[in-house]
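Reading the structure
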Protein chains: 4
Amino acid sequence: MNGNRFGRLFQVTTYGESHGDAMGVTVSGVPAGVELDEEAIQAQLDRRKPGQSMITTSRGEPDEVVVNSGVQDGYTTGTPIGMVIQNKDARSGKYEPYVTAPRPSHGDYTYSAKFGTRNWGGGGRSSARETVNWVAAGAVAEQVLDASDHDVEIKAHVNRIGDVEADDVSFEQILEHSEENDVRCADPEAAAEMQELIERYQEAGDSIGGSIYFECRGVPRGLGAPRFDGFPSRLGQAMFSIPATTGVEFGLGKAAVNVSGSERNEDWTFDDGESFDHVESEEGDPVPVGNDHGGLQGGITTGEPVYGEATWHAPTSIPKKQRSADWETGEEKDVQVVGRHDPVLPPRAVPVVEAMLYCTVLDFMLLAGRINPDRVDGNPGQYDTDYHPSSPDNE
Amino acid sequence: MNGNRFGRLFQVTTYGESHGDAMGVTVSGVPAGVELDEEAIQAQLDRRKPGQSMITTSRGEPDEVVVNSGVQDGYTTGTPIGMVIQNKDARSGKYEPYVTAPRPSHGDYTYSAKFGTRNWGGGGRSSARETVNWVAAGAVAEQVLDASDHDVEIKAHVNRIGDVEADDVSFEQILEHSEENDVRCADPEAAAEMQELIERYQEAGDSIGGSIYFECRGVPRGLGAPRFDGFPSRLGQAMFSIPATTGVEFGLGKAAVNVSGSERNEDWTFDDGESFDHVESEEGDPVPVGNDHGGLQGGITTGEPVYGEATWHAPTSIPKKQRSADWETGEEKDVQVVGRHDPVLPPRAVPVVEAMLYCTVLDFMLLAGRINPDRVDGNPGQYDTDYHPSSPDNE
Amino acid sequence: MNGNRFGRLFQVTTYGESHGDAMGVTVSGVPAGVELDEEAIQAQLDRRKPGQSMITTSRGEPDEVVVNSGVQDGYTTGTPIGMVIQNKDARSGKYEPYVTAPRPSHGDYTYSAKFGTRNWGGGGRSSARETVNWVAAGAVAEQVLDASDHDVEIKAHVNRIGDVEADDVSFEQILEHSEENDVRCADPEAAAEMQELIERYQEAGDSIGGSIYFECRGVPRGLGAPRFDGFPSRLGQAMFSIPATTGVEFGLGKAAVNVSGSERNEDWTFDDGESFDHVESEEGDPVPVGNDHGGLQGGITTGEPVYGEATWHAPTSIPKKQRSADWETGEEKDVQVVGRHDPVLPPRAVPVVEAMLYCTVLDFMLLAGRINPDRVDGNPGQYDTDYHPSSPDNE
Amino acid sequence: MNGNRFGRLFQVTTYGESHGDAMGVTVSGVPAGVELDEEAIQAQLDRRKPGQSMITTSRGEPDEVVVNSGVQDGYTTGTPIGMVIQNKDARSGKYEPYVTAPRPSHGDYTYSAKFGTRNWGGGGRSSARETVNWVAAGAVAEQVLDASDHDVEIKAHVNRIGDVEADDVSFEQILEHSEENDVRCADPEAAAEMQELIERYQEAGDSIGGSIYFECRGVPRGLGAPRFDGFPSRLGQAMFSIPATTGVEFGLGKAAVNVSGSERNEDWTFDDGESFDHVESEEGDPVPVGNDHGGLQGGITTGEPVYGEATWHAPTSIPKKQRSADWETGEEKDVQVVGRHDPVLPPRAVPVVEAMLYCTVLDFMLLAGRINPDRVDGNPGQYDTDYHPSSPDNE
């Protein structure tokens with residue numbers, strides 16, 4: 001069964017199970033000529049890595065990425081980039097109780113129902129561990145965007161855990177503060193409360209839900225294809241692909257239900273060269289006077305920042321006693337998921353959300369011809385002797 | 001620019017602009033042998049049709065569908081079904097003021113920024129009129145599902161307009177009552193209030209937002225492909241493709257943010273042959289004891305009903321005075337959208353939501369091999385002389 | 001069952017059966033701003049039309065194309081172009097004998113085996129009539145190429161029928177002479193012999209095979225994606241999709257079997273600004289000194305003309321007495337296909353070959369970023385007030 | 001730039017360059033429950049491996065495949081199979097002369113023109129080394145087919161090198177004798193002559209062309225999608241993707257040009273239960289009395305063996321002195337490709353052709369619902385406790 005690919009022109013293909021030998025991702029559609037910093041890829045994986053704090057699983061994966069192809073002398077060649085991340089700390093023994101008795105509300109049963117087999121170690125391919133591949137792909141996408149003549153900035157932070165809500169913060173604040181605490185919340189006070197709340201659930205053998213706010217600046221106007229490949233359509237697919245997402249919103253989101261057209265609609269004015277720095281527009285361009293529309297009108301970007309929110313339900317793997325049905329014995333039984341698990345998802349999902357945003361934005365850039373698909377700069381069709389010369393001396 | 005296709009194996013391709021000559025949809029991937037009722041397709045179009053009540057636009061489109069191919073003697077042949085719906089009541093004159101001055105928060109500007117041209121009549125391809133094609137495709141998908149040996153039931157209703165919320169209603173109530181009022185809300189009292197509310201906004205030259213609850217019963221367990229093609233991923237894409245959607249939720253949705261794992265997780269028990277009629281399972285199967293998971297675990301169906309909610313912002317075309325920026329004159333100016341427009345979207349979006357659900361569910365059925373892609377019954381690879389015989393006498 | 005789509009970014013989707021109501025094609029991926037000449041599309045359909053000469057079927061189809069969408073004031077809008085061609089002269093009665101007894105070597109049986117049903121009128125969707133859609137799509141692709149700043153010329157002619165071979169002719173001769181005779185062969189003497197040969201087979205109630213030579217000039221260097229989407233890979237798919245093709249060759253083709261590397265390899269020299277007019281290169285560029293490679297090295301274009309050949313077997317529908325097996329009676333029986341059929345395929349396949357070449361070349365141009373996918377000229381992302389203005393006065 | 005994927009439901013994605021760190025292939029769409037023999041995959045790689053005889057390149061690659069995912073306890077899990085093959089014997093030094101002077105008729109120049117960069121080591125991604133990935137994928141496809149209840153047999157052999165043609169041999173002879181000599185020709189006498197011929201070219205510092213005959217038995221009737229995804233369309237794409245292919249034919253191929261309809265057409269009779277063992281049909285089924293159609297009618301399989309031929313031009317990398325144009329110096333210069341290269345391609349292309357046939361046939365089987373996409377046997381949607389049980393004891 002398929003489902004392991006994302007993107008039209010920036011094509012991500014992944015493999016790997018939680019307790020298999022290795023995770024792998026192939027990124028096809030990277031233009032040639034991008035100086036690729038492998039340490040920057042690793043840095044993104046480190047942000048998603050398990051065991052980075054007390055409120056994440058203690059599984060000890062180094063998550064070291066190896067780049068097998070698509071790069072020569074530090075520059076991309078236009079051919080696919082194959083990356084592999086070995087699994088080093090899988091301990092399947094802890095999963096024995098669930099081999100024939102599915103964990104409550106986890107993907108255990110549905111995967112078995114689908115495939116007629118039981119990849120029981122760590123949840124197999126249904127595990128969130130698989131998103132390590134996505135983060136690697138997103139880190140490549142980010143570098144392609146950086147190498148282009150566009151200035152796209154993408155950032156997310158945790159804006160709610162349980163009943164603790166962060167204050168509204170500016171994009172600049174998110175950039176500055178969101179990585180300063182383990183929760184990845186840019187409001188330090190709320191972050192402290194969230195941390196406390198999470199620990200309380202953790203100590204109780206339980207878990208809790210949360211949500212993430214995300215924003216993309218510098219996305220050029222005119223991205224998104226009509227109808228089924230609109231910007232929110234593709235981004236909706238991307239966000240709902242992240243494990244345990246239960247809601248996705250753009251702009252006013254769900255709150256738009258009780259806002260009138262006259263309130264929500266934004267008049268058009270002209271960019272005066274001063275007041276619209278955060279908008280991707282030039283002086284004299286028509287610009288909307290606000291951004292309740294979340295940077296999207298008719299499914300296509302306006303040049304205003306694209307922003308929204310996604311919700312994650314509480315992790316299903318909890319130590320608290322629950323009941324399951326053992327299909328081998330035909331009996332119900334108590335289960336306690338005592339493996340190494342996250343008590344909350346958004347803190348580790350932040351880099352995943354950002355990765356999917358990078359992949360999606362880059363894909364739309366390529367689809368709209370804003371970045372050349374063959375080489376990130378220069379004129380295609382003409383060999384340039386000065387273009388990232390690769391000679392034996394360089395080796 | 002692309003974006004005019006939906007589905008992997010049940011492939012929908014559409015064309016058409018609001019004020020163009022005709023709308024058209026090609027449905028490829030329909031198995032042979034389905035008795036296709038063209039009147040049933042028409043009946044679905046009639047549900048979406050403009051002018052059907054006081055709270056919809058008064059544009060007078062008959063929306064008569066013509067089936068050009070893929071059917072012989074009333075049965076599908078396995079080849080693509082091409083359908084055309086002529087546009088009959090386009091009045092572009094009313095759009096003159098917006099030719100060089102975009103309507104606030106509409107897709108006018110973004111389409112122009114993308115294509116460098118201005119398809120000003122009725123919003124061109126960004127118009128919600130385009131969903132007439134989707135409803136035609138969904139009506140075909142529904143009939144394919146009905147012809148299979150699965151018993152899938154899909155229904156949606158409006159559960160909120162502005163600040164008026166419907167009571168929680170059962171699926172049976174939705175089936176029975178949702179079409180009894182113009183709002184398409186299965187709670188009659190709330191429906192009356194909603195109607196009143198909408199009319200108030202309408203009279204004020206304004207518009208208002210709303211939301212739809214949807215549910216799919218009888219969806220077999222095991223549908224949805226791992227990761228990027230999970231059931232919620234594809235459905236998320238489908239829902240966010242519907243114009244003016246600002247939020248999509250599955251199961252507890254956004255409310256999951258403040259629910260603990262122990263509360264949300266559902267124990268497994270065994271189907272006792274009595275209590276799980278609404279679940280797609282057999283006696284003795286493991287079944288979850290509740291459905292806070294919305295029929296989805298690990299992105300794959302559990303056999304429980306799949307349900308969720310989507311939010312629509314208020315229609316942007318309103319008679320109230322607004323400001324726009326005329327890029328020809330370089331001046332701002334007042335605009336009043338006096339065409340024929342809907343004061344609220346969910347009532348007409350209900351058949352669109354259902355259509356996208358039918359298309360998505362069928363696509364997953366085909367992808368998972370639950371419905372044969374070549375012929376809906378019988379053994380492929382063997383001509384059956386009794387199989388929907390088509391002889392000259394039948395003509 | 002799918003199979004009704006061609007192209008990655010220039011996406012062609014078709015429907016229609018030989019004796020259905022209408023043929024239809026949707027072309028998605030046409031940039032905005034192309035002045036679209038509908039008469040030029042019609043002119044291409046007329047070249048493929050049945051009944052155009054004594055050596056084609058006498059079926060009297062006017063093949064009038066109707067453009068339903070994607071065009072405003074004569075210019076493309078960037079949205080999909082839907083086209084419909086009504087079937088006017090289907091006479092299914094003649095096909096009665098074959099309802100349960102397949103015509104020898106036709107697609108009758110295989111389609112029935114696949115779909116379990118029998119779309120007997122005129123061969124249903126397996127009919128070469130379906131290529132009318134492809135020619136319409138190709139005519140659009142041709143106009144997009146013409147509107148770009150590339151100078152691509154594509155032409156094909158019949159170079160062999162039965163044992164009559166045309167002399168080698170230059171591209172200029174093909175352009176000038178191939179449409180001067182009913183056979184569409186640029187060598188007038190061979191054309192006359194071919195005509196005579198065809199008529200001889202026709203009179204004998206039989207049919208005969210033939211082949212087509214094709215050439216594309218002005219194709220920029222660097223087109224074609226590595227490996228599975230190489231230029232010859234996609235073109236191979238395109239050519240083998242044309243009904244009754246049994247062989248496809250590029251460059252030396254099959255003759256390369258007995259040519260050594262040193263003979264076939266072409267040295268590199270520099271374009272001296274004079275001798276390489278037929279090559280897509282600039283003075284000083286490395287150019288190969290010959291073109292045995294058919295414009296393709298490593299699956300990617302060199303700038304030299306891309307050329308090749310394709311072979312068609314004799315049409316299977318012949319009046320001569322043959323035997324079939326009637327699956328209803330369980331008896332063998334004599335059949336004589338007395339409908340209106342072509343005695344040879346290449347003359348009418350010439351416009352189909354050219355259409356598939358146009359579609360493929362344009363698709364590769366879009367994929368390589370050589371033509372902007374959103375608008376054929378101008379800067380995307382910026383509305384241009386002078387850009388094909390469409391105002392109410394134009395109506 | 002893309003192009004690194006093959007297949008609709010059996011999806012092959014590859015990466016890797018000739019002198020990069022590793023080659024890799026991800027195979028998505030493998031049903032669960034297939035007992036996967038990794039040694040059998042290795043055995044196929046060994047057949048393609050360089051250095052296996054005097055008439056192949058002496059590059060010393062062990063080509064050891066590592067399976068990273070998709071398998072548990074020896075059975076496939078339904079999730080993608082990631083495989084990696086390290087490059088061990090790349091010696092880029094030999095390629096120094098060609099860094100700025102392309103080898104004649106190789107992909108050197110076209111890749112550089114496309115990507116603006118020069119992946120000079122061993123031809124980079126344009127190298128035939130990349131087909132090691134395809135052979136790994138094909139070996140998986142073969143095992144899926146073997147695990148199904150279909151009995152598909154695929155085999156190819158070299159039927160011509162230069163002017164030496166093999167006698168016509170039966171499928172049984174190909175199965176028995178084609179691997180008995182280094183040329184992989186099932187006619188031993190011709191094989192000896194071919195070997196001699198190749199050595200003669202090799203000694204002269206030259207190379208020569210050749211062709212391969214291929215045949216697929218047991219392919220069920222009804223495979224192949226109408227029009228653009230017909231069986232020959234997809235197979236044509238597959239074959240032309242193999243480096244250096246210049247011609248592809250099915251059935252009579254190019255020879256059909258001079259065969260009349262009455263000669264080529266095959267009457268229909270009924271399978272008498274005896275004479276049609278080589279055909280995929282049952283007693284009483286209509287069957288064609290011959291197979292000039294190559295198992296394909298209307299682009300769909302008839303149940304007769306599918307057969308055809310493909311031609312490879314002589315390898316372009318030859319020690320003989322040639323001229324190239326150095327774009328750095330602006331001067332022409334002599335080049336001699338003294339690396340380790342094959343003097344002829346078909347002997348090593350045989351396993352590649354077979355691999356592409358396996359992949360294509362399996363993909364069509366999945367598309368036509370003949371093999372369940374989720375699990376190769378059993379009823380999907382129902383967990384089977386006896387189904388390839390995987391318990392901790394097995395570890």
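Residues numbered from 1 in each chain as written. Chains lettered and ligands numbered in written order. Predicted model: local features only at pLDDT ≥ 70, side-chain atom pairs only at ≥ 80, totals over all residues. Heavy atoms only, no water.

As recorded by an unreviewed UniProt entry, chain A carries the name Chorismate synthase and is attributed to Halorubrum saccharovorum. You can read under Pathway (unreviewed entry) in the UniProt record for chain A the words "Metabolic intermediate biosynthesis; chorismate biosynthesis; chorismate from D-erythrose 4-phosphate and phosphoenolpyruvate: step 7/7." (UniProt positions renumbered as here; feature names shortened; annotations may be inferred.)

1. With respect to the UniProt feature "binding site: NADP(+)" (unreviewed entry) in chain A
Residue and element names in this part refer to chain A. In the UniProt entry, the feature "binding site: NADP(+)" (unreviewed entry) is given for R48. The residue R48 is located in helix α1 (residues 38-48) in this model. The exposure class of R48 is buried, given its relative accessible area of 2%. Setting aside chain neighbours within four positions, we find R48 in contact with D63, A128, R129, T131, V132, V135, R348, P351 and V352. (Helix = DSSP H or I, 4+ residues; strand = E, 2+ residues; numbered from the N terminus. Buried < 20%, exposed > 50% of the residue type's maximum accessible area, 1.4 Å probe, protein only. Contact = heavy atoms within 4.5 Å.)

2. Section: the sheet that holds strand β9 (residues 164-165) of chain C
Ordered by their spatial adjacency, 10 strands build an open sheet running β9(C)-β8(C)-β10(C)-β16(C)-β11(C)-β11(D)-β16(D)-β10(D)-β8(D)-β9(D), and the pairing between neighbours is antiparallel. For this open sheet the edge positions go to β9 of chain C together with β9 (164-165) of chain D, each flanked by a neighbour on one side alone. For strand β11 (residues 245-250) of chain C and strand β11 (residues 245-250) of chain D, the ladder comprises 3 bridges, and the chain directions are antiparallel. Within the sheet, the bridge partner assigned to C:V248 lies in β11(D) and is D:V248. (Pairing = 2+ DSSP bridges.)

3. Some details on the UniProt feature "binding site: FMN" (unreviewed entry) in chain A
Taking the UniProt record as the reference, the feature "binding site: FMN" (unreviewed entry) is found at A:R125, A:S126, A:S127, A:G298, A:H313, A:A314, A:P315, A:T316, A:S317 and A:R340. A maximum C-alpha distance of 44.1 Å is found for the annotated residues, which run over 216 residues; spatially they are spread out rather than grouped. Tracing the backbone through its elements, the reader meets A:G298 in the loop between β14 (296-297) and β15 (300-301). What makes A:G298 partly exposed here is its relative accessible area of 42%. With sequence-adjacent residues up to four places away left out, A:G298 is seen in contact with B:G107 and B:Y111. With respect to the element layout, A:R340 can be found in the loop between β18 (331-335) and α8 (346-367).

4. What about helix α8 (residues 346-367) of chain D?
Residue and element names in this part refer to chain D. Here α8 contains 22 residues, and its C-alpha end-to-end distance of 30 Å stays within 8% of the 32 Å for a straight helix at 1.5 Å per residue. Counting buried residues along α8, 22 of its 22 residues qualify, which places the element largely inside the surrounding structure. Residue G369 follows α8 closely and has a positive phi angle near 70 degrees. (Expected span 1.5 Å × (residues − 1).)

5. Details of the pattern of salt bridges
Summed over all chains, the structure comprises 102 salt bridges over all chains. The shortest N-O distance in the salt bridge between D:E215 and D:R217 comes to 2.8 Å. With respect to class, D:E215 is no different from D:R217; both count as buried. One continuous salt-bridge network, built from bridges that share partners, spans A:R47, A:K155, A:E179, A:R184 and A:E354. (Salt bridge = Lys/Arg side-chain N within 4 Å of Asp/Glu carboxyl O.)

6. Notes on the sheet that holds strand β7 (residues 81-86) of chain D
Residues and elements named next belong to chain D. Here 5 strands make up an open sheet; going across it, the order is β1-β2-β3-β7-β4 and the pairing antiparallel. Every other strand in the sheet has two partners, leaving β1 (5-6) and β4 (65-67) as the edge strands with one partner each. Sheet topology places β4 next to β7; 3 bridges connect them, and they run antiparallel. Residue V66 lies in a different strand from β7, and its bridge partner there is V84. Strands in contact with helix α1 (residues 38-48) are β4 and β7; relative to β4, the strand with the most contacts, it is inclined by about 150 degrees. (Axes fitted to C-alpha atoms, helices over the stretch in contact; angles between N-to-C directions.)

7. A few points about the interface of chain B and chain A
Each side of the interface is counted separately: chain B has 102 residues, and chain A has 102 residues. Together, the buried faces of chain B and chain A total about 8000 Å²; carbon and sulfur atoms form 57% of this surface. Of all residues in chain B, the largest losses of buried area upon contact with chain A belong to B:R227, B:F228 and B:W268, amounting jointly to 13% of the total for that side. For the pair chain B and chain A, the interface holds 6 salt bridges. Here A:R227 ties to B:E130 by a salt bridge, and the two come within 3.1 Å at their closest N and O atoms. Taken together, chain B and chain A are joined by 55 residue pairs in polar contact (both at pLDDT 80 or more). Looking at the side of chain B that touches chain A element by element, the count peaks at 7 residues for helix α6 (residues 231-241) of chain B. Of the residues belonging to the side of chain B that touches chain A, the class tally is 38 nonpolar, 41 polar and 23 charged. (Buried area = accessible area lost by both parts, 1.4 Å probe. Polar contact = N/O pair within 3.5 Å; in protein donor to acceptor, adjacent residues only side chain to side chain. Nonpolar A, V, L, I, M, F, W, Y, C, P; charged D, E, K, R; others polar.)

8. Some points on the relation of the copies chain B and chain A
Superposing chain B onto chain A takes a rotation of 180 degrees combined with a translation of 0.0 Å along the rotation axis, leaving an RMSD of 0.0 Å. Viewed as a symmetry operation, the transformation between the two copies matches a two-fold axis. When you check the interface residues of chain B against chain A, 100% turn up at the interface there too, and the contact is symmetric in its surfaces. (Least-squares fit on C-alpha atoms with pLDDT ≥ 70 in both.)

9. Topic: the packing of helix α6 (residues 231-241) of chain C against helix α8 (residues 346-367) of chain C
Residues and elements named next belong to chain C. At a closest axis distance of 10 Å, the pairing of α6 and α8 adopts a crossing angle of 145 degrees. The two elements α6 and α8 meet at a crossing, and its hand is right-handed. Listed contacts from α8 to F231, R234, L235, A238 and M239 of α6 are V353, M356, L357, T360, V361 and F364. Looking at side-chain class alone, the contact of α6 with α8 contains 9 nonpolar, 1 polar and 1 charged residues. (Left-handed = near helix turned anticlockwise from the far one by under 90°.)

10. Thoughts on the environment of B:F115
Residues and elements named next belong to chain B. If you trace the backbone, F115 turns up in helix α2 (residues 108-115). Of the residues examined, F115 reaches a relative accessible area of 2% and is grouped as buried. Between the alpha carbons of F115 and M1 there is a distance of 8.7 Å; along the sequence they are 114 residues apart.

11. Remarks on the packing of α1(A) against helix α3 (residues 131-147) of chain A
Residue and element names in this part refer to chain A. Look at α1 against α3: their axes get within 9 Å of each other, and the N-to-C directions meet at 140 degrees. Judged by the angle between their axes, α1 and α3 are oblique. With respect to the hand of their crossing, α1 and α3 are arranged in right-handed fashion. In this structure, α1 uses A40, I41, Q44, L45 and R48 to contact α3, whose residues at the interface are T131, V132, V135, A136, A139, V140, E142 and Q143. Taken together, the residues that form the contact of α1 with α3 break down as 8 nonpolar, 3 polar and 2 charged. (Parallel < 35°, antiparallel > 145°, perpendicular 65-115°, else oblique.)

12. Regarding the environment of A:G123
Residues and elements named next belong to chain A. Looking at where G123 falls in the secondary structure, it is placed in the loop between α2 (108-115) and α3. Expressed as a C-alpha distance, the spacing of G123 and S92, which sit 31 residues apart in the sequence, is 9.7 Å. Leave out the neighbours within four places in its chain, and G123 touches Y95, R103, H106 and D108.

13. Describing the side chain of B:T77
When you line up the elements, B:T77 lands in the loop between β6 (75-76) and β7 (81-86). A polar contact is formed between the side chain of B:T77 and the side chain of B:T79, at a distance of 2.6 Å. Once you skip the residues sitting within four places of it in the chain, B:T77 turns out to touch B:A32, B:G70, B:V71, B:Q72, C:E17, C:F115, C:T117 and C:N119.

14. A short note on the pairing of strand β2 (residues 11-15) of chain B
Residue and element names in this part refer to chain B. Summarising burial for β2: 5 of the 5 residues are buried, a large majority. Every second residue of β2 is oriented toward a common face, with Q11, T13 and Y15 on one face and V12 and T14 on the other, all of them buried. Two elements, strand β1 (residues 5-6) and β2, share 2 bridges in a ladder whose sense is antiparallel. Paired with R5 across the bridge in β2 is T13. Turn length for the β1-β2 hairpin, with the two strands adjacent in sequence and antiparallel, is 4 residues, and the turn residue G7 shows positive phi of about 100 degrees.

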